[in-house]
Structure formats: C-alpha cells, structure tokens
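So the chains spell out like this:
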Amino acid sequence: MFSILNHPQRFTGNMSRRELLTTGGAGLLGLSLPQMLQAEQQQIVNPFQGGKAKSVIFLFLFGGPSQLETFDLKPEAPSEIRGPFQPIASRTPGLQISEHLPHLAEISDKYSVIRSMTHTFNDHSGGGHYVQTGKRWHIPIGAGFDATPKDWPSMGSVVEYLTQHSPGGLERDLPNYSVVPNRLGRLQAGGRYIRPGEYAGWLGRAYNPLSTTVDSRDSTDNPYWRDCTDEELSFEIEGLAPEVPLKTIRRRVALLEHFDGMKRNFDKADSQVFDRFRQRALALLTSNNTRNALNIKDEPNPLRDKYGRHLFGQSCLMARRLVEAGVRFVTVHYDCVDGYSWDSHRNSDDVKNNLLPTFDQGCAALLADLDQRGMLDDTLVIAMGEMGRTPKPNSNWGRGHWSQLFPALVAGAGIQGGTTYGSSDRLASRPAEHPVSPEDLAATIYWALGIDPGLMLPDALDRPIPIVDGGEPLRQLFG
C-alpha cells in the first residue's frame, strides 16, 4: 500500500495534497476524497487574464544572501564595509556584480536586478513567509519557527486554488504548484523545522504544494555543494512510497468504480458531478505526466552538466521540466542544510567556495535554457533570499541579519533585461530610491500572471480575504 506519513499536529483543517494522495492510495479513492474536493469546488472563470506569464519559477535562497557579495557591491565604500570580493562588469550598464558570479555577468541582458528590496521582519522564518506570500507573518520575531494554519497562503497556493477552481481545473493530471527538491527545512537538523511561507495557510491544505524529496547522505552532508548521483536525485513525491505498482492500483480502482456505478444508479442526479471529482482524485494519484516530468534522467548529460550536478543545479533543471510539462508555479529551495549557508554569520568562505558558484551555474543555465526553448517569454523567474546582510562584517567577513536591504533577480515574461530597479545608499544599508516591499513583489508576480492583486478569496469561515494586503505591481520592470 501507499504509506501514510505522520504529520505534525500543528497543521489542522483541510487535507493537504500529500495527505489527499496518500489517503487516496490507502483507501482506494474512497468517497471522502472526491467529496472533499466537491465540497470546496467553486467555478472561477478565467482568473488568469492578460498576464504575460504562464508560469513562475521562484528560486528561494534561504538564509539571506549578502547584497555586498552578490549584486550590490560598493567598491567606493570604506574598506571595512565593501567586502572581500572584487566587482566585475556585466552586460548591464552600471551593474557590477561579484567576481564569483561570472556566468550571470555574461547573461545580465536577460534579467533585471532589484537593488532595493526591504522589510522590517529581521527573521528567517518570518522573512521567508513574507517574501513567499507578500504578507507579514502573524508570529512575532523570535516567537516561532514553523508554519501554522493561520499563515497567509503562498503565491503558489493561490495559483493552485485559482487553477483548480477554473473550468477544467479538476481534470488536470498535473499539480499547479510544486516545491523542489524538498520542503524548506527538511534537510536541516533532521527535518525539525517546517518553515512557513510555502504552504496554503488559511486558504486550506488542499492547496499546499506537491513537494518532492531528495535526501542527504548523513547529518553532515550538503548535497547542494557536491555532485549528486542519479540514484540520489529521485525527486520522489513526498508522502508517497509506491510499494504497490500503479497498474495494481488502477485495477483496484476499476473494481471499486464498478460497485460505485451500481450505487450511483440510486442517485443519478449527482453522479455526473461526483464523477468529475473522482476523476481529479484519480488523476492526482496515478499521473504518468507528473512522474515523467520528475524523471531527471531523461535530460541529456551535456545539459545536466551545464546546470551542474549539484542539488541546486539539478533542481533548477527540474523546475524547467515541470514548467514545460504544464506546472504553473515551481519553487526551488536552496536550503541552509548546515544551519548557516546563505546565513553567513561566521565567514565568507562558504559564500565564495560553494554558494555563489552553484547559484551562478544553476541560475544562469536555467535562464539560458528557458531562452533557447522559447520559454523565457512566458516564464517569470525570481531569485532572492528573505533578507540581506549587515554592512558591517565581523573579522572573518561574516555578516549578520539585515532585512532593510537586499537584492532580487527577476527575468522573463516581459521583464526588461539588462536593467536595474532601485538603488541603495553608499553603504548598501538602505534603499536610496524606489524601495520595494514584499507586498509590491507579490502584487507584481500576480499581475504578471494576469491575477488581479485585489482579488478576494474565502478563508475557512468563508470570509473574503485579499490575496495581497497592499502593494503595487512594478510595471516599470516590464518592456
């Protein structure tokens, strides 16, 4: 049978997609699954209108990359501020970036850099929630680390909701929102953290992402910083252990449907509607399209080498595969497996030797690959962390938390490449012009998808809640 994992009790309310799938497998698609879907179904006609983006790839660099070591170097700043890395020229006039981002420097004509991201939630979990949802976390700084049912829905979950509730949305046999390679926090400290931001929160657990899993070798291993084998890069769907072949499950489903057909003869008025929800449930459970898209080994070796065989590069390639298959929103987590990584308090050694080279290779390959396939025109790509780093370092060039200024790379879906937006002061400590909040970023992503940022969706009590509480789309970024 398909295994059912134990999930933390702090998640309550509607069933998650993971539980939906595992329960469907264990119960042979019993009545509760399609009835749950049917109870939540509403028709939303054409929620994606006029947007240039058909899909979004969100590269989340959790921990907070330093602005001074990536896209906002300050060569004229005092020596105790400007950092140990040298700036190099890019194809973008006036944009000097880190010497350890040479691949991105070569293709800066394909993206824009926002140099004035800012917020005041100087915390990893809360900051991660903020940038993935566009809403400040309801948990005070330092009072919690894990997701809660009261969290704001992620942008991906909103996309999942709207697609499911659109005409034909239940017939799709692909997820609309996926997270790769793992849920955030799964590889850190034995998986004790379930970081907020990527989930559906008050919107309902049925709109959580379809997440994959890729394990580390042991508690000291960081697969983001080394080449991974094909056996490791399984990208299994989290919560599903296929101990029974799909052929067997389909055969059992067919038998169950035979008995259901006899029962529905007593109530033919509801049978047609019921069948639509049963079809969606079965499609999610047994989709060959999803499983084929998750088979990274189908990609040619030269292209895989270009992305890098490390976990971040292969996850960027997986994101392209998922979008190409029809997934609308894919989040790629670059997690802090060792508890530091992008959260570079101690020194800048890992930033130089591991973090920047792998990010540079994977992100640059993704943009070039999307462009070559003609997909960059309608795929919006965002790469960013949840905060920046303090202008003043320690003696080893480690920097502390600093949410008041950090950069974001944005590309595709009409974004004007070879440009910058906003600027910082001379110490890279605060925005000097055009500050951009997480609310502005969320409104921009929704607007690019054709979703009205003022859209209201129902919470668990059917109260209308705006998907973005403030914020204005950055239309200036688009050509």
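Residues numbered from 1 in each chain as written. Predicted model: local features only at pLDDT ≥ 70, side-chain atom pairs only at ≥ 80, totals over all residues. Heavy atoms only, no water.

(A) View of the side chain of Thr70. Residue position: Thr70 is located in the loop between strand S1 (55-61) and helix H3 (79-82). A polar side-chain atom of Thr70 sits 2.7 Å from the main-chain carbonyl oxygen of Ser66. Not counting the four nearest positions on each side in its chain, Thr70 is found in contact with Pro65, Ile97, Ser98, Leu101, Leu356 and Pro407. (Helix = DSSP H or I, 4+ residues; strand = E, 2+ residues; numbered from the N terminus. Polar contact = N/O pair within 3.5 Å; in protein donor to acceptor, adjacent residues only side chain to side chain. Contact = heavy atoms within 4.5 Å.)

(B) Quick peek at empty space enclosed by the protein. Applying the stated rule across the entire model yields eight cavities of 30 Å³ or more. Size it by volume and the largest cavity reaches roughly 90 Å³. Broken down by secondary-structure element, the contributors of at least two residues to the lining of the largest cavity are helix H12 (349-372), strand S9 (379-384) and strand S12 (406-411). Its residues placed into classes, the lining of the largest cavity shows 10 nonpolar, two polar and no charged. In this structure, the second largest cavity spans a volume of roughly 60 Å³. Across the lining of the second largest cavity, the residue classes tally to two nonpolar, four polar and four charged. (1 Å grid on protein atoms, 1.4 Å probe; cavity = no way out; pocket = protein on both sides within 12 Å on 5 of 7 lines; lining within 4 Å. Points joined across faces, edges and corners; volume = space filled by probe spheres on them. Nonpolar A, V, L, I, M, F, W, Y, C, P; charged D, E, K, R; others polar.)

(C) Quick look at the packing of helix H6 (residues 155-164) against helix H13 (residues 438-449). As a packed pair, H6 and H13 sit with axes 11 Å apart at the nearest point and diverge in direction by 30°. With respect to their mutual orientation, H6 and H13 come out roughly parallel. Relative to H13, H6 is oriented so that their crossing is right-handed. From H6, Met155, Val158 and Val159 reach across to H13, where they touch Ala442, Ile445, Tyr446 and Leu449. Here the contact of H6 with H13 is composed, by residue class, of seven nonpolar, no polar and no charged. (Axes fitted to C-alpha atoms, helices over the stretch in contact; angles between N-to-C directions. Parallel < 35°, antiparallel > 145°, perpendicular 65-115°, else oblique. Left-handed = near helix turned anticlockwise from the far one by under 90°.)

(D) Region of the structure containing the nonpolar core. In terms of nonpolar packing, the biggest core is built from 57 residues, with Leu59, Leu104, Tyr111, Phe359 and Leu367 touching the most fellow members. Looking at this core, the element that brings in the most residues is H12, giving 10 residues. Residues in contact with Leu367, not counting those within four places in the same chain, are Leu104, Ile107, Lys110, Tyr111, Leu376, Val381, Leu409 and Ala411. Within the second largest apolar cluster, 48 residues are counted, among which are Leu203, Tyr207, Leu457 and Phe478. (Core = buried A, V, L, I, M, F, W, Y, C linked by side-chain atoms within 4.5 Å. Buried < 20%, exposed > 50% of the residue type's maximum accessible area, 1.4 Å probe, protein only.)

(E) Molecular detail of the sheet that holds strand S4 (residues 111-117). In space, the nine strands of this open sheet follow the order S7-S6-S5-S8-S1-S9-S12-S4-S13, with mixed pairing throughout. Both edges of this open sheet fall to strand S7 (236-237) and strand S13 (419-421), since each of them pairs with a single strand only. In the sheet, strand S5 (residues 177-180) pairs with strand S8 (residues 329-334) via four bridges, with the strands oriented parallel. Paired with Ser178 across the bridge in S8 is Val330. (Pairing = 2+ DSSP bridges.)

(F) Structural context of unusual backbone geometry. Backbone torsion omega between Val180 and Pro181 reads -10°, so that peptide bond is classified as cis. Assignment of secondary structure puts Pro181 in the loop between S5 and strand S6 (210-213). Although it is not a glycine, Ala189 sits at a positive phi angle of roughly 50°. With respect to the helices and strands, Ala189 occurs in the loop between S5 and S6. Of note in the backbone geometry, Asp462 takes a positive phi value of approximately 65° without being a glycine. By secondary structure assignment, the location of Asp462 is in the loop between strand S16 (456-458) and strand S17 (464-466). Judged by relative accessible area, Asp462 falls into the exposed class, the value being 60%.

(G) Expanded view of the packing of aromatic side chains. Scanning the entire structure with this criterion turns up 13 aromatic pairs. With centroids separated by 4.9 Å and ring planes inclined at 65°, the aromatic side chains of Tyr161 and Tyr207 adopt a geometry described as edge-to-face. Taken together, the residues span a long stretch of sequence, with Tyr161 in helix H6 and Tyr207 in the loop between S5 and S6 at a distance of 46 residues. Assigned by exposure class, Tyr161 and Tyr207 land together as buried. Taking 6.1 Å as the distance between ring centres and 50° as the angle between the ring planes, the aromatic pair formed by Phe312 and Phe359 counts as tilted. On the criterion of sequence distance, the pair formed by Phe312 in helix H11 (residues 311-325) and Phe359 in helix H12 is long-range, its members being 47 residues apart. Phe359 matches Phe312 in its accessibility class, with the two residues each being buried. (Phe/Tyr/Trp six-rings, centres within 6.5 Å; stacked < 30°, edge-to-face > 60°.)

(H) Looking closely at the side chain of Gln188. Along the polypeptide, Gln188 turns up in the loop between S5 and S6. A relative accessible area of 8% means that Gln188 is categorised as buried. Dropping the residues within four chain positions of it, Gln188 is found in contact with Tyr193, Arg195, Cys336, Val337 and Gly339.

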